[in-house]
Amino acid sequence: MSAFVAQGDGHVPRVSAHAISRPRLTAALETDTPLTLIRSASGSGKTTALVEWASATASRVVWITASPAIAPSAALARALLRALPHADVAHDLAEDGWPAVTSRLRHAEGPLVVVLDDAAPVDREGVFALCRAIATTPRTRLIVATNRPSPFDSEGLDLVIDTKVIAPSDLMFDTEEISRALGVDDDMAGEIREATAGFPALIRALVLRGAGTDTESLRAANTVIEDYLQDRLAECGFSPQALQGLLRISVTDSVDLPLAVALTRDPDIAKALDQAETFGFGRWTGDGGCTFTLTPLTRGMLRRELRRSFPGEVAHLRRLAAEGAIRRDMPLEGLRLALEDDDLRLAKHVTMSGWNRLLHRDRRAVAELLADVPVARLKQEPLVAMLLGMSLKPSRLRRQRGLQLLRMAVAAANSRRPTLSATERIFIWAAESASLRAIGRPEPAAQVAARALALFQETPESQWQQYARDVPLMCTHIGISLYYGGQLDEAIEVWEQATALAAAHGSTNGFHGICLLAGVHALNGDLPEARHYFSLVRDGEWDPELLDSYQSTFYRIAGAMLAVEDGDLPAAKQHIRFFEPYRATSEHWTTMASVEAWIALHEGDAAGGLERLESFARLRGREASAAHVRHALSRPRVLLHLALGDVGTAKSIVQRDAGSDRFGTVVKRARLALIDGAAADVVRLLGQTRLRPSTARERAEALAVHSAALRRVSPAAAQPSSATLSAQLADRGLTTPLVLLGAEDFGAVRADLDPTGLATFPRRSALPSFASRPRLTPREQVVLHALTSGAPLPAIAAELRVSQNTLKTQLRSIYRKLDAGNRSEALEQAARHGLLPD
């Protein structure tokens, strides 16, 4: 406390001759908010800022400096009554304290501000009584300054009075203020701000010292800063044990209480940290003051002293601090501590403990931290090399070094190197798999993922138990690689393992796996399972940021697919809005595009859906032309073109893009044969294939097409197939496979499944009627094919071994069916109806 501050007599202290004017803070204090709270360490300029404001404000100011004597509620009320303007002192003092204070405030003339400086000692009862008094008197307000947590930080106080907080960072000098105070240019002011963090007492010390603008002056300024900190430490009066504890804590940037006790072996270290906060050496942050962080200046000074006083303990303290950082989900701090000691084995341990955080949250910082480690050293720890390689790979300038490190790490994992543990190989292979997947090589990615999974399943849990926090996310990414490599059942199994493991360890790292299970089950048509996993996300107590993150993509996919099955298209569209930030970057973009197209199809907006799908593909550039991408998008493209009546383009897409070894392709061809009226071909295609459905949705869609084809032959012949379809739809909770039939087939099959019309099946097909589509005989198809050659009619007749008159008769029939007047129009109409050969 400064010597010139008044002791509770209500008068404003005098402005110091050495005070530095700061109009920014004066403006911040001139507010209409009833309570302004300033909490910052001693030496941060709270009182000076208040004095400057008080000298400039038009309001009447009553200044109370709190002390232990006026900390109790009743004593504070008496102190306020002595300081506040009054008319009848005897009457006020005869009443109970706080009613009298409230009465005095209500009768005060003009705007009145009560300043309560050094307010931390005031008890909770007094704090709430004072705030209630201020809140009920519109022409008064309260400014409170404290140097440590106090009842003014109590939960619930904001329900009593509106509060504005001036944070410690607001009190720090900015570059302009330093430049003005010291008379230096902006560059030098920036250097001083970096060295001092803008701490007001240090700036004031430099002003008194007279800092120059050259290097020597700045070095002298640093000496002034350290001398100031040393004086402050002496002023605190720390016990030798507490001071040694602070030295040991300085090994890391921040500590929670368990880590502080572990580093200092002092169960009472919290008291020393509270005292350190009061004097500005650090600050408790987080809910309930769970983390203590030393100021950079204090930490630098204490750390230098730590190396001088306890050199033999530093390595051990760093390891303790690294373990503490891992426990607090701060692996980057653990990695920094390991590298400070050049301990790559510790760095490997930190890497496996915080793999996902380091790669996704801290990637850039990891690249900077590891950038100067020689490759020869990284060869000794391939997992650390893999971490750096993956961190560098997205950078254009450093991509080649990143790839070099990835190859080096993978080669080590694939070798029989005895020093590499099974857990390290699993991590490296999982990362290699993710990298292959990211560059559009899903099949090799799945092969590497299968290798990683096999090794994980045969490795005893005791070998990876200490890394169990990150193992669920690692398994989740192995599953994603298996999924995009076509190993669907294996992917689902590993995601189930990952979520179970996360739940067993009380970790939220199962969130991504649950989302994937919800989305993939919904896509597969297993709606009971999809609804189960969807509800686990929707009803769970997850961090709201997770629900809007990349990890929630398949949760949104599940929500959209389930909403379509329920006929709630607005809800489905609401879910896909969350795709927007990830359209250009997400590896799941083909699934996102397919779901958007699925919604457009059911909404009756096939043209808009097709445009959005192709726009999505254009956004992704060259990767949209990859074979696996064209196959993934062939289904939505075929369905959208059929919905537009464009059978020809749909056939071309199946011929060009659909994989020949997939049951889904058989279903596409059977659907097109049904549209062509070739019911026998549908039965043959679906009955003779050696391929089998991979999902419930494929099975239901195939049954729907099969039932429609049989019904064209005989309603009785279709009954067994329709009964099987009905059971399948009921078991899986599906309705949409029916709407992928042409309008006539949809009506017929729906009537078979629901003769009463009371079921919840959709009321209309997503596809148009194809009944008016021209039907050509096999011979007419041959003639039409011959017309595409462009040869003259005599040559075509000779090639087909018929007379020219016979050919003309066949052409007249073709022209009539196609509503064409000549050869050119016939070919045009045939192309539009999908009748030309592929």
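See the structure printed just above.
Attention in this report is confined to the structure presented alongside it. (Residues numbered from 1 in each chain as written. Predicted model: local features only at pLDDT ≥ 70, side-chain atom pairs only at ≥ 80, totals over all residues. Heavy atoms only, no water.)

1. Considering the pairing of strand E2 (residues 60-65)
Right, on to step 1. Burial analysis of E2 places 5 of its 6 residues in the buried class, the great majority of the element.
Right, on to step 2. Inspection of the sheet shows E2 paired to strand E3 (residues 112-117) by 6 bridges, in the parallel sense. Along E3, the bridge assignment pairs Trp63 with Val115. (Buried < 20%, exposed > 50% of the residue type's maximum accessible area, 1.4 Å probe, protein only. Helix = DSSP H or I, 4+ residues; strand = E, 2+ residues; numbered from the N terminus. Pairing = 2+ DSSP bridges.)

2. Remarks on helix H6 (residues 124-135)
Right, on to step 1. Counted at 1.5 Å a residue, the expected span for H6 with its 12 residues is 16 Å, and the 16 Å between its end C-alpha atoms agrees.
Right, on to step 2. All of the buried residues in H6 are Gly126, Val127, Phe128, Ala129, Leu130, Cys131, Ala133 and Ile134.
Right, on to step 3. In this structure, the buried residues of H6 make contact with strand E1 (35-39), helix H3 (73-83), helix H5 (97-106), E3, strand E4 (140-146) and helix H7 (157-160). (Expected span 1.5 Å × (residues − 1). Contact = heavy atoms within 4.5 Å.)

3. Thoughts on helix H33 (residues 553-565)
Right, on to step 1. The end-to-end C-alpha distance of H33 is 19 Å, a good match for the 18 Å that 13 residues give at a rise of 1.5 Å each.
Right, on to step 2. Among the 13 residues of H33, 13 are classified as buried, and the element is accordingly described as predominantly covered.
Right, on to step 3. Just beyond H33, the residue with positive phi is Gly567, at close to 80°.

4. Structural notes on the packing of helix H14 (residues 257-264) against helix H15 (residues 269-278)
Right, on to step 1. Taken N-terminus to C-terminus, the directions of H14 and H15 make an angle of 110°; their axes are 10 Å apart at the nearest point. By the angle between their axes, H14 is roughly perpendicular relative to H15. The residues of H15 that touch H14, namely those facing Leu257, Ala260, Val261 and Thr264, are Ile269, Ala270 and Leu273.
Right, on to step 2. Here the residues of the contact of H14 with H15 sort into 6 nonpolar, 1 polar and no charged. (Axes fitted to C-alpha atoms, helices over the stretch in contact; angles between N-to-C directions. Parallel < 35°, antiparallel > 145°, perpendicular 65-115°, else oblique. Nonpolar A, V, L, I, M, F, W, Y, C, P; charged D, E, K, R; others polar.)

5. Points about the sheet that holds E1
Right, on to step 1. The 5 strands are arranged E2-E3-E4-E1-E5 in an open sheet whose pairing can be described as parallel. A strand with exactly one partner marks an edge of an open sheet, and here the two such strands are E2 and strand E5 (163-166). In this sheet, neighbouring strand axes are inclined to one another by 15° on average, regardless of whether the strands run parallel or antiparallel.
Right, on to step 2. Direction of pairing for E3 relative to E4: parallel, over a ladder of 5 bridges. Opposite Leu116, over in E4, you have Val144 as the bridge partner.

6. Description of the pattern of salt bridges
Right, on to step 1. Following the criterion strictly, the structure yields 45 salt bridges and no others.
Right, on to step 2. Among the salt bridges present, the one from Glu340 reaches Arg303, with a minimum N-O distance of 3.1 Å. Here Arg303 lies in helix H16 (residues 296-309) and Glu340 lies in helix H18 (residues 331-340), a separation of 37 residues in the sequence.
Right, on to step 3. Take Glu340: its relative accessible area is 32%, and that puts it in the partly exposed class.
Right, on to step 4. Arg303 sits in the buried class, given a relative accessible area of 13%.
Right, on to step 5. Between Arg671 and Glu701 there is a salt bridge, and its shortest N-O distance comes to 3.7 Å. Linking Arg671 in helix H39 (residues 663-675) with Glu701 in helix H41 (residues 696-713), this pair joins segments that are 30 residues apart in sequence. An identical accessibility class is assigned to Arg671 and Glu701; each is buried. (Salt bridge = Lys/Arg side-chain N within 4 Å of Asp/Glu carboxyl O.)

7. Concerning the nonpolar core
Right, on to step 1. One finds Leu335, Trp355, Leu370, Met386 and Trp495 to be the most contacted residues of the largest nonpolar core, which totals 183 residues.
Right, on to step 2. Of all hydrophobic cores here, the second largest spans 36 residues; its members include Ala83, Leu105, Leu142 and Val144. (Core = buried A, V, L, I, M, F, W, Y, C linked by side-chain atoms within 4.5 Å.)

8. Things to note about the environment of Val61
Right, on to step 1. Within the secondary structure, Val61 is located in strand E2.
Right, on to step 2. Between the C-alpha atom of Val61 and that of Val113, which follows or precedes it by 52 residues, the distance is 4.9 Å.

9. Considerations on the environment of His349
Right, on to step 1. On the secondary structure map, His349 appears in helix H19 (residues 344-353).
Right, on to step 2. Sequence separation between His349 and Ile326 is 23 residues; the distance between their C-alpha atoms is 9.6 Å.
Right, on to step 3. Each residue touching His349, except ones within four places of it in the same chain, is listed here: Glu323, Ile326, Gln466 and Tyr467.

10. Some remarks on the packing of aromatic side chains
Right, on to step 1. Throughout the structure, instances matching the rule amount to 9 aromatic pairs.
Right, on to step 2. Seen in terms of ring centroids, Tyr483 and Tyr484 are 5.0 Å apart; in terms of plane orientation they differ by 65°. Their pairing is edge-to-face.
Right, on to step 3. We classify Tyr483 as buried; its relative accessible area is 17%.
Right, on to step 4. With a centroid separation of 5.6 Å and an interplanar angle of 40°, the aromatic rings of Trp589 and Phe616 are classed as tilted. Here the residue Trp589 occupies a position in helix H35 (residues 589-603), and Phe616 occupies one in helix H36 (residues 606-619), the gap between them amounting to 27 residues. (Phe/Tyr/Trp six-rings, centres within 6.5 Å; stacked < 30°, edge-to-face > 60°.)

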